[in-house]
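Survey of secondary and tertiary structure
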Amino acid sequence: MPRSTRRKAPLAHPVTGEIDLFDVLHALSDATRMTIVSILRAEPERACGTFPVDVAPSTLSHHFKVLREAGVVRQREEANRRLTALRAADLEERFPGLLDAVLAAYARTEDAAA
């Protein structure tokens, strides 16, 4: 059976100046998405299927979409995999100190829960 010749639509990423504070805060309001962001803070780029989260692949795709469309992460396709990177510099430019503050608060809640 021949493969489709239809091309995938490019992934949508807002430009830095269009990143909205409320979209970012919404994206960072979920524990699974905060796990993704925390891991990406320590690693420059990671393949989508390699994050240690306990959710279905379709749910993980949804979380990546929320993060991407909010401007928190950038994704790119390489062969048959999708790589994800944190847009830390863009977020710092748009909302100085926000990402560090949210990650620090998240780390404190994780430490308290442990």
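This is a predicted model, so every value here is computed, not measured.

A word on a nonpolar patch on the surface
Among the surface-exposed residues, Leu 21, Phe 22 and Leu 25 lie close enough to one another that they form a single nonpolar patch of about 290 Å² accessible area. Relative to the assigned elements, Phe 22 resides in helix 1 (residues 21-27). In this structure Phe 22 comes out as exposed when scored by relative accessible area, which is 64%.

Describing the packing of helix 2 (residues 31-42) against helix 5 (residues 98-113)
Put simply, helix 2 and helix 5 touch, their axes get as near as 11 Å, and they point 115° apart. Between helix 2 and helix 5, the crossing angle belongs to the class labelled roughly perpendicular. In the packing of helix 2 onto helix 5, the handedness of the crossing is left-handed. Across the interface between the two elements, Ala 31, Met 34, Thr 35, Val 37, Ser 38 and Arg 41 of helix 2 pack against Leu 99, Asp 100, Val 102, Leu 103 and Tyr 106 of helix 5.

Regarding the packing of aromatic side chains
Here the structure, examined in full by the defined rule, presents one aromatic pair. Of note, Arg 46 hangs over the ring of Phe 51, and the distance from its end group to the ring centre comes to 5.2 Å.

Definitions and cut-offs
Residues numbered from 1 in each chain as written. Predicted model: local features only at pLDDT ≥ 70, side-chain atom pairs only at ≥ 80, totals over all residues. Heavy atoms only, no water. Patch = residues over 30% accessible without salt bridge, like charges linked within 9 Å, V, L, I, M, F, W, Y side chains within 5 Å. Areas by Shrake-Rupley, 256 points an atom, 1.4 Å probe, with all protein chains shown as cover. Salt bridge = Lys/Arg side-chain N within 4 Å of Asp/Glu carboxyl O. Helix = DSSP H or I, 4+ residues; strand = E, 2+ residues; numbered from the N terminus. Buried < 20%, exposed > 50% of the residue type's maximum accessible area, 1.4 Å probe, protein only. Axes fitted to C-alpha atoms, helices over the stretch in contact; angles between N-to-C directions. Parallel < 35°, antiparallel > 145°, perpendicular 65-115°, else oblique. Left-handed = near helix turned anticlockwise from the far one by under 90°. Contact = heavy atoms within 4.5 Å. Phe/Tyr/Trp six-rings, centres within 6.5 Å; stacked < 30°, edge-to-face > 60°. Lys NZ or Arg CZ within 6 Å of the ring centre and 35° of its normal.

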